[in-house]
Amino acid sequence: MKILVINGPNLNLLGVREPEIYGNRTLKDLENLITAHADKKGVSVSFFQTNHEGKMVDAIQSAMNVYDGIIINPAAYTHTSVAILDAVKSTGIKCVEVHISDPDTREEFRKISYIRLACIATIKGKGFDGYLEAMDILMDACK
Ligand code: DQA
C-alpha cells in the first residue's frame, strides 16, 4: 500500500511556529515518526509540504493511480480552499484529514473545514500521533 502525506502552509515551521499549540518537534521529526510507523505496518509512504494552494492541488492530482490513499493536513487552506476539496473529490483517492491542534476549539473561522467533505475521517487535536491514526484508518479502508 502506498500513502502520500501532504502538509500545507507553515507546517514547514513546526518546532518554531507557536510551540504552545504545535509543540517543539519539527516537520522532519514528524516525517521520521510516520516513516517508522509505516515501516512497522509494511506501508510505503511519501511526503509533500507546500505553502502554495495550487501546488497542493497539483500534488493531489498527481497522486491519481500512484497512491492508494492520502493523509492531508491542509493547514490554513482547510478553512478556505474549495480548490483543494474539489481536487480530492475529482481524484476519488481515499483521504484522511489531520490537524495537530483541534481547530474546532480555537477561533470561529477555524471551525469551517472544506476538505472534511471529501474525507473518510478527520483526526484533530491528537498532535503528531494523529497522522499515525490516519494511516491505520486508510489501511483499514483499503483492505
Ligand atoms: C492546523 C490547524 C489550522 O487551523 C492551522 O491554520 C494550521 C495547522 C493544525 O494542524 O492544527 O496551520 O491544520
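Scroll up a little and you will see the structure.
Residues numbered from 1 in each chain as written. Predicted model: local features only at pLDDT ≥ 70, side-chain atom pairs only at ≥ 80, totals over all residues. Heavy atoms only, no water.

Focus: the pairing of strand E3 (residues 69–73)
Judged by how many residues are buried, E3 sits mostly within the fold: five of five residues are covered. Of the two faces of E3, the one holding Gly69, Ile71 and Asn73 and the one holding Ile70 and Ile72 are both buried throughout. Note that strand E1 (residues 2–7) and E3 share five bridges and pair parallel. In the sheet register, valine 5 faces E3, and the bridge partner there is isoleucine 71. As for the winding sense of the linkage, the β-α-β connection from E3 through helix H4 (residues 82–91) to strand E4 (residues 94–99) is right-handed. (Buried < 20%, exposed > 50% of the residue type's maximum accessible area, 1.4 Å probe, protein only. Helix = DSSP H or I, 4+ residues; strand = E, 2+ residues; numbered from the N terminus. Pairing = 2+ DSSP bridges. Right-handed = clockwise from strand over helix to strand, strands pointing away.)

Details of the packing of aromatic side chains
Scanning all chains against the criterion turns up zero aromatic pairs. One Lys or Arg, lysine 2, reaches over the ring of tyrosine 67 and ends 5.3 Å from the middle of that ring. (Phe/Tyr/Trp six-rings, centres within 6.5 Å; stacked < 30°, edge-to-face > 60°. Lys NZ or Arg CZ within 6 Å of the ring centre and 35° of its normal.)

Focus: the site of the ligand
Taken together, Arg17, Tyr22, Asn73, Ala75, Ala76, His79, His99, Ile100, Ser101, Arg106 and Arg110 form the complete shell of residues around the ligand. Between an oxygen atom of the ligand and a side-chain N or O atom of histidine 99, the distance comes to 2.8 Å. In isolation the ligand has 320 Å² of accessible area, and contact with the protein removes 99% of it. When its residues are assigned to classes, the shell around the ligand shows four nonpolar, four polar and three charged. (Near = heavy atom within 4 Å. Polar contact = N/O pair within 3.5 Å; in protein donor to acceptor, adjacent residues only side chain to side chain. Areas by Shrake-Rupley, 256 points an atom, 1.4 Å probe, with all protein chains shown as cover. Nonpolar A, V, L, I, M, F, W, Y, C, P; charged D, E, K, R; others polar.)

Describing helix H3 (residues 53–62)
Among the residues of H3, Met56, Val57, Ala59 and Ile60 are the ones counted as buried. Each buried residue of H3 sits inside an arc of 160° when the element is viewed along its axis, so together they form one side. Buried residues belonging to H3 abut E1, strand E2 (44–49), E3 and H4. (Arc of directions from axis to C-beta. Contact = heavy atoms within 4.5 Å.)

Quick look at the sheet that holds E4
In spatial order, the strands read E2-E1-E3-E4-E5; together these five strands make up an open sheet with parallel pairing. Two strands bound the open sheet, and with one partner strand each, they are E2 and strand E5 (121–124). Pairwise comparison of adjacent strand axes, ignoring direction, gives a mean angle of 20° for this sheet. As judged from the four bridges shared by E3 and E4, these two strands associate in the parallel manner. Counterpart to isoleucine 72 in the pairing with E4 is glutamate 97. (Axes fitted to C-alpha atoms, helices over the stretch in contact; angles between N-to-C directions.)

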